[in-house]
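Residue strings, one per chain:
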Amino acid sequence: MNETKGVGILGFAHGHVNVYCEEWKNPELGVKVLAGWDHDAARLTTAKGAFGLEVHEDVVDLLKRDDIDAVVIGAETSRHADLVELAASHGKAIIVQKPLALTMAEADRIVQAVEKHQVPFTLAWQMRVDPQNVQMKEWITSGELGQVFMVRRRHGLPMGLNPDFANSWHVDPASNRDIWADDSSHPIDFIHWLLGEPESITAELGSLYNPRIPNDNGIAIFRYPNGPIAEVSCSFTCNAAQNTTEIIGEQGTVVQNYGDAISCNVPRPTEGAGLLKYTASTGEWTASEIASPANHVARLRGLARPLAEFLHGKREPIATAEEGRTSLRMVLATYVASQEGRRIQLSDAKIEAV
């Protein structure tokens, strides 16, 4: 990286941004975090001490700075649209932490702001840059698996078992809708990235443990014309797991283990490879040389370099605003499908009202 990009952080609610700030201390990445803003004074004080950045009580003061080339928006999801509009109007490159927004109307505002001001924009989806995930996508797009019949992605977290989590902004409808909207967005975007837009969606969502934590478990099914059928299975009341991805194809099968927080943070039952491919013609399993991350923080750290490369114009957006809008539509469609007990089309007008 030849020049250093000055970055401002707009909100530290999403803890992932702290990992990026830590990684960007490496001068090789050419990103320097200069300033931060947060409506929560305690979070802002913590960030100042951790990263030595200059803090601003007024977000516009930060955006007026000439030494700020880009911003990372890590505020509560409900604040994303307002902050994108402000940052875009000041000509800043924008990185937004997932999910894009709470509603389709907010997502439309974000897309319109990016288009109007023609600013560089990307969502920070680490599942799109995980090396093993990239390998799986290559196996599908290359055709070596033949026709793909089914894709299953399991995803989970344990925080729903913690009573205090019910008091967090992550499950506040005004800030983030609920834990399903917040974190199923990861595997649902993974399915979007892997397979494109589905034809229809069915889903069952529910609060099975703590009624103060809505939708702590759910299963969504995405149907594609002539296949595949894709499943996203999420439990946010899960202590441990192993398998994360299965891909069933005409010419082979792919199995991935240790691909999410609860599977890679707990002791592993074996030392075997995390990513395996079975080839029908040879009748053999082949282990990928790509190692599984040691833990979930290592996976988050892996996103810092691609984000830096994006800011330097050395790679395309990890996900555009338009792609983020489609992924959000897929997430919101699961609410309609679950509430109404029916298969719905992605174009269903009721998605706009969720």
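Residues numbered from 1 in each chain as written. Predicted model: local features only at pLDDT ≥ 70, side-chain atom pairs only at ≥ 80, totals over all residues. Heavy atoms only, no water.

Peer 1: Describe the nonpolar core, and please don't skip the residues or the numbers.
Peer 2: Ranked by internal contacts, the top residues of the largest apolar core, which has 104 residues, are Trp24, Ile94, Phe121 and Phe222. At nine residues, helix α12 (residues 321–340) tops the list of elements feeding residues into this core. Ignoring anything within four residues of it in the chain, the contact list for Ile94 reads Val71, Ile73, Val84, Ala87, Ala88, Val119, Pro120, Phe121, Thr122 and Phe310. (Core = buried A, V, L, I, M, F, W, Y, C linked by side-chain atoms within 4.5 Å. Buried < 20%, exposed > 50% of the residue type's maximum accessible area, 1.4 Å probe, protein only. Helix = DSSP H or I, 4+ residues; strand = E, 2+ residues; numbered from the N terminus. Contact = heavy atoms within 4.5 Å.)

Peer 1: Explain the layout of surface pockets to me, and be specific about the residues and the numbers.
Peer 2: By volume, the largest pocket amounts to about 340 Å³. Those elements that place two or more of their residues in the lining of the largest pocket are α7 (179–183), α9 (261–264) and α10 (296–301). Tallying contributions element by element places α7 first for the lining of the largest pocket, with three residues. Looking at the lining of the largest pocket residue by residue, the classes come out as ten nonpolar, nine polar and three charged. The residue makeup of the lining of the largest pocket includes at least three contributed by each of domain 1 (5–119) and domain 2 (127–293 + 329–340). (1 Å grid on protein atoms, 1.4 Å probe; cavity = no way out; pocket = protein on both sides within 12 Å on 5 of 7 lines; lining within 4 Å. Points joined across faces, edges and corners; volume = space filled by probe spheres on them. Nonpolar A, V, L, I, M, F, W, Y, C, P; charged D, E, K, R; others polar. Domains from an automatic or database assignment.)

Peer 1: Tell me about the sheet that holds strand β9 (residues 217–223), residues and numbers included.
Peer 2: Spatial ordering of the open sheet is given by β14-β13-β12-β11-β7-β10-β9-β8-β15, a layout of nine strands whose pairing is mixed. Pairing within the sheet leaves two strands with one partner each, and these edge strands are β14 (284–287) and β15 (344–345). Both strand β13 (residues 275–279) and β14 contribute to a ladder of four bridges, which runs antiparallel. Of the residues in β14, the one forming a bridge with Tyr278 is Trp285. Helix α8 (residues 185–195) contacts β7 (148–156), β9, β10 (229–235) and β11 (243–249) of the sheet and is inclined by roughly 155° relative to β7. Each of β8 (200–206), β9 and β15 is contacted by α12, which is oriented at about 70° to β8, the strand it contacts most. (Pairing = 2+ DSSP bridges. Axes fitted to C-alpha atoms, helices over the stretch in contact; angles between N-to-C directions.)

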